[in-house]
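This is what each chain is made of:
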Amino acid sequence: MRTSWDNFERETIDHLRALVRLDTTNPPGNERLAADYLGAALGREAIECVTIEPQPTRTNLVARVAGHDRSRPSLMLSSHTDVVPVEAARWTREPFGAEVEQGCVWGRGSIDMKSKCAMDLGLAVAIKRAGALPDRDLILAAVADEEAGSELGARYLVEHHPDLIRAGYVLNETGGFTLHLGERRFYPIQVAEKGFVTIKMTASGTPGHGSMPRADTAIAWMADLIGRITRTPMPRRVTPLMRSTLSDLGIAPDKAPPLFRPMLANTVTPTILRAGYKDNVIPGEAWVILDGRTLPGEDERSFIRELRDIVGPEPLLEVVKSGPPVEASPDTPLFDLIKSRTEAADPGSRAIPWMLPGATDSKFYAQLGATCYGFAPVRLEPRMPFGSLYHGNDERMPIEGFLWGLRLYTDVVLSFLGLRTEDVFA
Ligand SMILES: [Zn+2]
């Protein structure tokens, strides 16, 4: 039975609000709440789904709607169901209330990213309910633990259950929201994301008594090293993608505003600092955790070379964890579809390929060969910039912009599956 469009909109907003009400703050996560909700909704339409729990309550859900031509590269719609913690005292609304006020759904996850999760669920249900047969497999993934590094989520699935989630293409978060630059509107579509290299840097020195000051202690050396790191930018490198993105925006690479700087170099930021254990002892060791981020084309080794240029050969550098950068070509039928439909949905705007300085689950899916794009479209007004909502206080989703995004997203996904809107909606 085909659903009416109005009904589909109502159901998808209901899904969004229901998901926001489930407190899946990570840590501890408790994504099972979301997996149970999704499993029940999919089960009502007899959509096959599998849940994977690497640890109790840390549930990942994967569902599949089979297409008629399994030789075509499949499409996976992915979302993470965990959210970042809230400082409730700084919110003006109940963070897990999903209240509708001033035209918005308010709550943690309403943007990042239960909104896309709701769209994915609504679409899979609508397709199945209509009995429409996609021309390729459609996979739906709702995964745990993205906000803490994906160890129990996408990364776990890639390492332990690759056949469940191996896809030709993935649509994931971070892209398709309105970026206002002056009078112009852009829709960044994530095609690349930086890698990370987390490093423990240790400075050692001779310990001693606090009553006997010296200049050559581990703490003094560490203070100097951190000073150098924070004052010295890593070399600027304009990748071909960023060259074309900046030229689309009409920005010269050497005049790029601060927003773009992390996309034009490897970066390193001290984030945890420790030394000492007693007030009258000069410690023999001080260490710092450095959050390093690498551009596409770089790796652990090239990053450490650049870091050594700043800190010199002496301090001990140990890699704590790392993940590679990824970049997908925007030269695919799916990207073309996203670009043309987005620009048609907001005449006068431009959809452009984009690099995320952070990391998403796409990093892991790409290891199985998937072409991953960030496309979770939402139309945003200039007074409500994406950056202020993402992980921010009073996170909220403007309903009108969400419904605009839902129409665009549906249009792109159905077209890519070889379906017409009227195959699915009455
Ligand atoms: Zn997210």
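Residues numbered from 1 in each chain as written. Predicted model: local features only at pLDDT ≥ 70, side-chain atom pairs only at ≥ 80, totals over all residues. Heavy atoms only, no water.

Undergrad: Account for the pairing of strand β3 (residues 75-80), naming residues and giving values.
TA: Counted residue by residue, β3 has six buried out of six residues, so it is predominantly covered. Covered by surrounding structure in β3 are Leu-75, Leu-77 and Ser-79 together with Met-76, Ser-78 and His-80, the residues of both alternating faces. Where β3 meets strand β6 (residues 138-143), six bridges bridge the pair, whose relative direction is parallel. The partner of Ser-79 across the bridge, within β6, is Ala-142. Bridge count between β3 and strand β7 (residues 169-172): three bridges; the pairing is parallel. (Buried < 20%, exposed > 50% of the residue type's maximum accessible area, 1.4 Å probe, protein only. Helix = DSSP H or I, 4+ residues; strand = E, 2+ residues; numbered from the N terminus. Pairing = 2+ DSSP bridges.)

Undergrad: Can you lay out the sheet that holds strand β10 (residues 195-204) for me, pointing to particular residues and giving the numbers?
TA: With respect to topology, four strands assemble into an open sheet ordered β12-β14-β10-β15, the strand pairing being antiparallel. In this open sheet, the two strands that pair with only one neighbour each are β12 (267-275) and β15 (316-323). The average undirected angle you get between the axes of adjacent strands in this sheet is 20°. As paired elements, β10 and β15 share seven bridges and run antiparallel to each other. Residue pairing for β15: Met-201 is matched across the bridge by Leu-317. (Axes fitted to C-alpha atoms, helices over the stretch in contact; angles between N-to-C directions.)

Undergrad: Describe the coordination of the zinc ion, and please don't skip the residues or the numbers.
TA: For a metal with four tetrahedral donors the ideal donor-metal-donor angle is 109.5 degrees, whereas six octahedral donors ideally subtend 90 or 180 degrees. Within the protein, the zinc ion binds to His-80 (NE2), Asp-112 (OD) and Glu-173 (OE); these donor distances fall in the range 1.9 to 2.1 Å. Along the chain, the residues donating to the zinc ion are arranged with the sequence spacing H-x31-D-x60-E. In this pair, Asp-112 sits in the loop between β5 (104-106) and α3 (114-130) while Glu-173 sits in the loop between β7 and β8 (179-181), placing the two residues 61 residues apart along the sequence. (Donors = N, O, S within 2.8 Å, 3.2 Å for Na, K, Ca; no water.)

Undergrad: I'd like a rundown of the packing of helix α1 (residues 5-21) against α3, residues and numbers included.
TA: Their axes nearest at 8 Å, the elements α1 and α3 cross at an angle of 135°. Accordingly, the angle class assigned to the pair α1 and α3 is oblique. The handedness of the crossing between α1 and α3 comes out as right-handed. Along the contact surface, α1 presents Phe-8, Glu-11, Thr-12, His-15, Leu-16, Leu-19 and Val-20, while α3 presents Lys-114, Ser-115, Cys-117, Ala-118, Met-119, Leu-121, Gly-122, Leu-123, Val-125, Ala-126 and Arg-129. A class-by-class count of the residues in the contact of α1 with α3 yields eleven nonpolar, four polar and three charged. (Parallel < 35°, antiparallel > 145°, perpendicular 65-115°, else oblique. Left-handed = near helix turned anticlockwise from the far one by under 90°. Contact = heavy atoms within 4.5 Å. Nonpolar A, V, L, I, M, F, W, Y, C, P; charged D, E, K, R; others polar.)

Undergrad: How would you summarise the sheet that holds strand β19 (residues 396-398) if you had to cite specific residues and measurements?
TA: Read across the sheet, three strands follow the order β4-β5-β19 without closing on themselves; strand pairing throughout is antiparallel. Every interior strand has two partners, whereas the edge strands, β4 (100-101) and β19, have only one. Alignment of β5 against β19, held across three bridges, turns out to be antiparallel. Across the sheet, residue Cys-104 finds its bridge partner in β19, namely Pro-398.

Undergrad: Lay out α3 in plain terms, naming residues and giving numbers.
TA: Look at α3: 24 Å from first C-alpha to last across 17 residues, which is about the 24 Å you get at 1.5 Å a residue. Of all 17 residues making up α3, 15 are buried, and the element is well covered by its neighbours. A positive phi of about 70° marks Gly-131, the residue just after α3. (Expected span 1.5 Å × (residues − 1).)

Undergrad: Tell me about the pattern of salt bridges, and name the residues and values.
TA: One pass over the structure, following the stated rule, counts 28 salt bridges. Of the charged contacts in the structure, one is a salt bridge between Glu-45 and Arg-129, with a shortest N-O distance of 3.1 Å. Here the residue Glu-45 occupies a position in the loop between α2 (32-44) and β1 (49-52), and Arg-129 occupies one in helix α3, the gap between them amounting to 84 residues. According to the relative accessible area criterion, Glu-45 is buried, its value standing at 17%. Between Arg-379 and Glu-400 there is a salt bridge, with the nearest N and O atoms lying 3.8 Å from each other. Taken together, the residues Arg-379 in the loop between β18 (371-374) and α11 (386-389) and Glu-400 in helix α12 (residues 399-416) connect sequence positions 21 residues apart. Residue Arg-379 is classed as partly exposed on the basis of its relative accessible area, which comes to 27%. In the salt-bridge network here, residues are joined through shared partners; they are Glu-11, Glu-45 and Arg-129. (Salt bridge = Lys/Arg side-chain N within 4 Å of Asp/Glu carboxyl O.)

Undergrad: Report on the side chain of Asp-361, specifying residues and quantitative values.
TA: For Asp-361, the position within the fold is in the loop between β17 (350-356) and α10 (362-365). Separated by 2.6 Å, the side chains of Asp-361 and Ser-150 make a polar contact. Setting aside its immediate chain neighbours within four residues, Asp-361 contacts His-80, Val-143, Glu-146, Ser-150, Ala-154 and Asn-172. (Polar contact = N/O pair within 3.5 Å; in protein donor to acceptor, adjacent residues only side chain to side chain.)

Undergrad: Explain the packing of aromatic side chains to me, using residue names and the numbers behind them.
TA: Tallying each qualifying case throughout the model produces eight aromatic pairs. Taken together, the ring pairs connect Trp-5, Phe-8 and Phe-425 into an aromatic cluster. Sitting over the face of the ring of Trp-106, Arg-93 holds its NZ or CZ atom 4.0 Å from the ring centroid. Residue placement shows Arg-407 over the ring face of Trp-5; its charged tip is 4.4 Å from the ring centre. (Phe/Tyr/Trp six-rings, centres within 6.5 Å; stacked < 30°, edge-to-face > 60°. Lys NZ or Arg CZ within 6 Å of the ring centre and 35° of its normal.)

Undergrad: Run through the packing of helix α9 (residues 333-345) against α12, naming residues and quoting values.
TA: Each pair of packed helices can be described by the angle between their axes along with the distance between the axes. It is at 10 Å that the axes of α9 and α12 come closest, and there the two elements cross at 145°. Here α9 runs over α12; the crossing is right-handed. Residues Leu-334, Leu-337, Ile-338, Arg-341, Thr-342 and Ala-345 of α9 lie in contact with α12, whose contacting residues are Trp-404, Leu-408, Asp-411, Val-412, Ser-415 and Phe-416. Counted by class, the contact of α9 with α12 contains eight nonpolar, two polar and two charged residues.

Remember, this is a structural readout, not a statement about activity or role.
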